[in-house]
Amino acid sequence: MEQRASAARGGGPGDTGATLGTGAPAVVPGSTSRTPLTDAVVEVRATRPDLVSQVLRHRPRPSLEQVRSLMVIACDHPARGALGAGTEPMAMASREDLLARCVEALSRPGVNGFLGTPDVVEDLALLGALDGKMVWGSMNRVGLQGASFEVDDRFSGYDAAGIEASGLDGGKMLTRICYTDPASASLLEACARAVSSLAERGLTAMVEPFVSHWQEGRLVNDLSPEAVIRSVCVAQALGRTSAYTWLKLPCVTEMERVMESTTLPSLILGGEVSRDPEAAMASWARALALPNVRGLVIGRSLLYPPGDDVAAAVDGAVALL
């Protein structure tokens, strides 16, 4: 972890000793602290919490019209208590290590976006890692991994007003449709309201739909092409307008069929860390060749790759665009 934090200090927002936002303390180059990134963020949060919103609102950022292909780093799993990556069940438990990995990934050429919950977005904004990036805020995180109420994924993170106030580009909502769980009905209604509220503000709604089912006490996503197509058809009809709706979809077999079911721009998600990263890359490349696939939104597969080389994993994904 210390090696990765050192790399983040050397190539990240603290490499010149500049302040983290207006009046915020800097990450000191050559610091001997084991937690230099969290030390700097904690100091701001404890003494100048007003800087959090200022840094977010005033950071430089591009517009969607300027970006042809998106490479978005995602980090919102911890908010659902989902801390595992690959074979490590607590991989995402260290905030210092998590921030260092995100800073490293966001610093790579070709990465132009981030998706996260308010806490992670604010930490990275204070570190300067979101300057020049598009940002989507994660909205519903109540569906805790393994909970009996996992389908009842209420909105506990960003809302449309908060996304607008923070100067973000849109909001993302996980939309798991379980035909045997009544909580799916209220979730779909809540997602529809969120889509409409974002659209009223000219903000993108990134909808991540799945058909899911309970299996031996676990909520499992159905990744068959037919199930993904059904989820797409439901998701794209949510809200008063679909003008600002994008889809965040898994890369499954027969993606040509899947993408024929929608005219909405879509991003391919990474999912679980693959044991065969080359095969995963190849499947992403095939999906990216489809006309309405506009990029990738990848989290654990790039932040915790096999071999643990974040920079190489991100560079490999960027090369597909």
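Refer to the structure presented above.
This report concerns the structure included in the present document. What you see is a predicted model, and the numbers here were worked out from it, not measured in a lab.

## Quick look at unusual backbone geometry
Next, step 1: In this model, Glu216 sits at a positive phi of 50 degrees, which is unusual for a non-glycine residue.
Next, step 2: Within the secondary structure layout, Glu216 lies in the loop between β5 (204-215) and β6 (218-221).
Next, step 3: According to the relative accessible area criterion, Glu216 is exposed, its value standing at 81%.
Next, step 4: Of note in the backbone geometry, Asp308 takes a positive phi value of approximately 65 degrees without being a glycine.
Next, step 5: Position of Asp308 relative to the elements: it lies in the loop between α11 (300-303) and α12 (310-318).

## Looking at the pattern of salt bridges
Next, step 1: Summed over all chains, the structure comprises 23 salt bridges.
Next, step 2: For Arg80, the salt bridge identified is with Glu150, shortest N-O distance 3.3 Å. In this pair, Arg80 sits in the loop between β1 (70-75) and α4 (95-106) while Glu150 sits in the loop between β3 (134-138) and α6 (160-165), placing the two residues 70 residues apart along the sequence. Neither Arg80 nor Glu150 differs from the other in exposure class; each is buried.

## Quick notes on the layout of surface pockets
Next, step 1: Within this model, the largest pocket holds a volume of roughly 970 Å³.
Next, step 2: Lining the largest pocket are 37 residues, with Phe210, Asn221, Gly271, Glu272 and Arg300 sitting closest to its centre.
Next, step 3: Elements supplying a minimum of two residues to the lining of the largest pocket: β4 (170-177), β5, β6, α10 (277-288), β9 (293-298) and α11.
Next, step 4: Residue composition of the lining of the largest pocket, by class: 15 nonpolar, eleven polar and eleven charged.
Next, step 5: Of the volumes computed, that of the second largest pocket is approximately 270 Å³.
Next, step 6: Lining the second largest pocket are 14 residues; nearest its centre among them are Ala85, Gly86, Thr87, Glu88 and Val273.
Next, step 7: Counted by class, the lining of the second largest pocket contains six nonpolar, three polar and five charged residues.

## With respect to the packing of α4 against helix α5 (residues 118-126)
Next, step 1: Where α4 meets α5, the axes come as close as 11 Å, and the angle between the chain directions of the two elements is 65 degrees. The chirality of how α4 crosses α5 is right-handed. Together, Arg95, Leu99, Cys102, Val103 and Leu106 of α4 and Asp119, Val120, Asp123 and Leu124 of α5 make up the contact between the two elements.
Next, step 2: Classifying every residue of the contact of α4 with α5 by side-chain character gives six nonpolar, no polar and three charged.

Scoring rules and cut-offs
- Residues numbered from 1 in each chain as written.
- Predicted model: local features only at pLDDT ≥ 70, side-chain atom pairs only at ≥ 80, totals over all residues.
- Heavy atoms only, no water.
- Helix = DSSP H or I, 4+ residues; strand = E, 2+ residues; numbered from the N terminus.
- Buried < 20%, exposed > 50% of the residue type's maximum accessible area, 1.4 Å probe, protein only.
- Salt bridge = Lys/Arg side-chain N within 4 Å of Asp/Glu carboxyl O.
- 1 Å grid on protein atoms, 1.4 Å probe; cavity = no way out; pocket = protein on both sides within 12 Å on 5 of 7 lines; lining within 4 Å.
- Points joined across faces, edges and corners; volume = space filled by probe spheres on them.
- Nonpolar A, V, L, I, M, F, W, Y, C, P; charged D, E, K, R; others polar.
- Axes fitted to C-alpha atoms, helices over the stretch in contact; angles between N-to-C directions.
- Left-handed = near helix turned anticlockwise from the far one by under 90°.
- Contact = heavy atoms within 4.5 Å.

So yeah, pure geometry; function would need other evidence.
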